Amino acid sequence: AGDVLVKHKYKEAIPDLLKIIKKREWTTLMTAPALAAMKVKEAYEPIMVLIEDPEVGNREYFIETLAQLEDRRAIPFFIKLLPRNIRGLDPAYGTYRSWSWKENEFAVEGLGRLRAAEAVEPLMRLLTLEGSGYQEMRTRVVWALGEIGPPAKKALPRIRELMHAEQVSMDTATEAQKKIEG
């Protein structure tokens, strides 16, 4: 349903779609991405309410939707979410009732999509994660830094180190370097 709305850009349906999210009807899972794809900024608040409500399942799904919405108001939330439940970066590590790696990954994606220069330092902290279990996360971070572009220049030495050690996708890192170097 959401794809059809987006394809045809049915702007007149937006108020009804917003009502569905606010009422938390069962179609919210389809409605929220449709609003995000159409970049309906009015969806920001109801999506944040869903993310912050501990009774709502599929938290990572709504975080992904928030990333796709590309609303700059989400930047502080995404930055706060970056280290969530990562050993050595989050003092509350291991205490969450519910958590998924996808939450961190979608926060990285959101910051990259928004080209959030203020996120360079927090993103760089994720590049310190060592071990093969973090390779996908490091690669996503390198992608996001590439999307941020020249404001991420201070990350270039670490990106090169990771490339040399084969700790990130070479294709992603090469493309990111080009974008950062301008």
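Whatever comes next refers back to the structure up there.
Just so it is clear, the model here is predicted, and its values are computed rather than measured.

What follows covers the packing of helix H3 (residues 28-37) against helix H5 (residues 59-69). Between two packed helices, what matters for the description is the angle formed by their axes and the separation of those axes. For the pair H3 and H5, the least separation of the axes is 8 Å and the interaxial angle reads 20°. Considering the angle they form, H3 stands roughly parallel to H5. Every pair of crossing elements has a handedness; the one defined by H3 and H5 is left-handed. Side by side, H3 and H5 meet where Thr28, Leu29, Met30, Ala32, Pro33, Leu35 and Ala36 of the first sit next to Tyr61, Phe62, Thr65, Gln68 and Leu69 of the second. Tallied by class, residues from the contact of H3 with H5 come to nine nonpolar, three polar and no charged.

The buried fraction of H3 is high, at seven of ten residues. Turning to H3, its buried residues are Thr28, Thr31, Ala32, Pro33, Ala34, Leu35 and Ala36. The positive-phi residue at the C-terminal boundary of H3 is Lys39, with phi of around 60°.

Now for unusual backbone geometry. Located in the positive-phi region is Lys39, a residue other than glycine, with phi close to 60°. Even without glycine at this site, Glu70 takes up a positive phi of about 55°. Position of Glu70 relative to the elements: it lies in the loop between H5 and helix H6 (75-81).

A few words now on the pattern of salt bridges. Pairs can form between side chains of opposite charge once their charged atoms are near each other. Within this structure, the stated rule accounts for 16 salt bridges. One salt bridge connects Arg73 with Asp71, and the closest N-O pair in it is separated by 2.6 Å. We classify Asp71 as buried; its relative accessible area is 5%. Measuring nitrogen to oxygen at the nearest pair gives 2.7 Å for the salt bridge that ties Glu181 to Arg160. One end of the pair, Glu181, is in helix H11 (residues 170-181); the other, Arg160, is in helix H10 (residues 156-164), and 21 residues separate them in sequence.

The rules behind these values
- Residues numbered from 1 in each chain as written.
- Predicted model: local features only at pLDDT ≥ 70, side-chain atom pairs only at ≥ 80, totals over all residues.
- Heavy atoms only, no water.
- Axes fitted to C-alpha atoms, helices over the stretch in contact; angles between N-to-C directions.
- Helix = DSSP H or I, 4+ residues; strand = E, 2+ residues; numbered from the N terminus.
- Parallel < 35°, antiparallel > 145°, perpendicular 65-115°, else oblique.
- Left-handed = near helix turned anticlockwise from the far one by under 90°.
- Contact = heavy atoms within 4.5 Å.
- Nonpolar A, V, L, I, M, F, W, Y, C, P; charged D, E, K, R; others polar.
- Buried < 20%, exposed > 50% of the residue type's maximum accessible area, 1.4 Å probe, protein only.
- Salt bridge = Lys/Arg side-chain N within 4 Å of Asp/Glu carboxyl O.

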